[in-house]
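Reading the structure
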Amino acid sequence: METNKIDTIVKESLKSRAIAPSGSAWERLSDQLDALPKQQRRNWFSLVGYAASILLIVSVAFFINTDDKNLPIVPNKIVVQPIDTSASEKHNFKIVAPIEEAIVELNLKNELPIISKPIKKFLPKKNRNFKAIQPEVIDKTGIALVDKIPVIQKEVIEVPLKKTLQETKKASENNRIKVDRNALLYAVTHTEVEVKDFYTKYTINREEALQVVQKELRRMHIKIDATTMLAEIEKNIGEESFKRNFMRTIKGKVTGLAIAFSNRNN
Amino acid sequence: MKIIPLHSQQRRIIKNAIQQDREAQQQLFTQFSPKMLGVCRQYVKDVHHAEELMLSGFLKVFTHLSKFKHEGSFEGWIRKIMVNTCISYLRKKNPIQLTDEEYVFHEHAVENLEATGVEDIQKLIDGLPSGYKMVFNLYAIEGYKHAEIATELQITESTSKSQLFKARKWLQAGYVQLNNIENGDK
């Protein structure tokens, strides 16, 4: 009972007690209240800033990931497709080393080039209907485009395959251009009659010129058919050069052309 | 007849205070601050320090004024905020010391306590150890139950009871000592 009395007395004494705050109390509280909304507004702005930053990062990451997924992954592999030799063995075809291009000059009488026989493309099994491909001719001097795909010529069908393959291998080993010299000679220059007329006109012995070319090629250790080389030279030498010094010009041209040929072969 | 208009007037002031009306806020502050400073003074010895706690409590009052549902006394709501502010401050400052000191019981010590002034009673309370004072204030003055005190101070109910019992005895002893000094002076 006595302890409860203490509680009651203390409670009555202190509960109704009032202490006047200092004069500046309200001003201080007012200042704190003024500072409060600004702080809240700043917090709101900072929250918006954080949200925008996160959104930006997420969208950038999303775009990067999406681009990566869309891009096709190309494996860095070189696929080597073997040549189907069984087909050629069956039909006893000769596979000739590919000819990149051949310069063909037509005569003014619209005569066809010497490459008279059509070249047939080696087609896959399904479409094995051979079609003749006529060489494209551009104006007087043109480029006969021949695919790098192995070419089959009708005229060499009877040649045994093993021998032909060996020859082809040899040719590739020597890194030489396999050209029919007569075909090239006629294709590059004019007709045989015209060539003879040409030499007769300038009183030049073509055999001598051919010997000079052969000698020069031998000296330079280049394995190129001399007749073909001469045909190239004849094509390029102007009439004035023939008049002045034919043999000297031929030597110079042989050297230049030999270098050009060797560069191209390399 | 007069209570209803007063109540509606207080509602209007509170409503304005929620809308950050400084005048309404000042009105509430002027009305309740003296009593609330007295509450804070029960827990803290220094008046200036108590005033700081009171301002901190009023800041909370005005910030969370919209949460007041007019279901109980507005003064009681503010008072509770003040008490909680003081307790949380004291708990942060120093952990509550639950003293277990011996006391001298005087059977007739409380006979003349009613004649003691408020300042003397406050002095006696100020002299209590922090654990005794907090439990006594919450139980005797604020009307908390032991379970509530236990939750508030994170102690057991039995601890709260023992702390209250010892606080009462401490006050008695303090009062006897005070009376002896006064009698001795006479």
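Residues numbered from 1 in each chain as written. Chains lettered and ligands numbered in written order. Predicted model: local features only at pLDDT ≥ 70, side-chain atom pairs only at ≥ 80, totals over all residues. Heavy atoms only, no water.

**Some words on the packing of helix α4 (residues 74–93) of chain B against helix α6 (residues 130–141) of chain B**
Residue and element names in this part refer to chain B. Two numbers describe how α4 lies on α6: the axes approach to 12 Å, and their chain directions differ by 170°. Of the possible angle classes, the one that applies to α4 and α6 is roughly antiparallel. Contact with α4, carried on its side by R79, V83, I87 and L90, involves M134, L138 and I141 of α6 and no other residues of that element. (Axes fitted to C-alpha atoms, helices over the stretch in contact; angles between N-to-C directions. Helix = DSSP H or I, 4+ residues; strand = E, 2+ residues; numbered from the N terminus. Parallel < 35°, antiparallel > 145°, perpendicular 65-115°, else oblique. Contact = heavy atoms within 4.5 Å.)

**Some details on the interface of chain B and chain A**
In this assembly, 39 residues from chain B lie in contact with 27 residues from chain A. Taken as a group, R22(B), L59(B) and R168(B) account for 17% of the area that chain B buries against chain A, more than any other trio of residues on that side. Between the two partners, chain B and chain A, sit four salt bridges. Of the charged contacts, one joins D7(A) and R168(B) as a salt bridge, the two residues approaching to 2.5 Å between their closest N and O atoms. Across the contact surface, chain B and chain A share 10 residue pairs in polar contact (both at pLDDT 80 or more). Looking at the side of chain B that touches chain A, the elements that each hand over two or more residues are α2 (22–43), α3 (47–63), α5 (118–126), α6 and α8 (157–185) of chain B. Counting residues per element, the side of chain B that touches chain A draws most heavily on α2(B), at 11 residues. For the side of chain B that touches chain A, the class distribution of residues is 20 nonpolar, eight polar and 11 charged. (Buried area = accessible area lost by both parts, 1.4 Å probe. Salt bridge = Lys/Arg side-chain N within 4 Å of Asp/Glu carboxyl O. Polar contact = N/O pair within 3.5 Å; in protein donor to acceptor, adjacent residues only side chain to side chain. Nonpolar A, V, L, I, M, F, W, Y, C, P; charged D, E, K, R; others polar.)

**Observations regarding the side chain of N137(B)**
Position of N137(B) among the secondary structure elements: in helix α6. Excluding its chain neighbours within four sequence positions, the residues that come into contact with N137(B) are Q42(B), Y43(B), I125(B) and E142(B).

**A look at α3(B)**
Because an α-helix completes one turn every 3.6 residues, residues spaced three or four positions apart along the sequence face the same direction. Residue and element names in this part refer to chain B. The first and last C-alpha atoms of α3 sit 24 Å apart over 17 residues, in line with the 24 Å expected at 1.5 Å per residue. Every buried residue of α3 is accounted for by A50, E51, L53, M54, L55, G57, F58, L59, V61 and F62. Regarding α3, its N-cap is D46, as a side-chain oxygen of that residue lies 3.1 Å from the backbone nitrogen of H49 further along. (Expected span 1.5 Å × (residues − 1). Buried < 20%, exposed > 50% of the residue type's maximum accessible area, 1.4 Å probe, protein only.)

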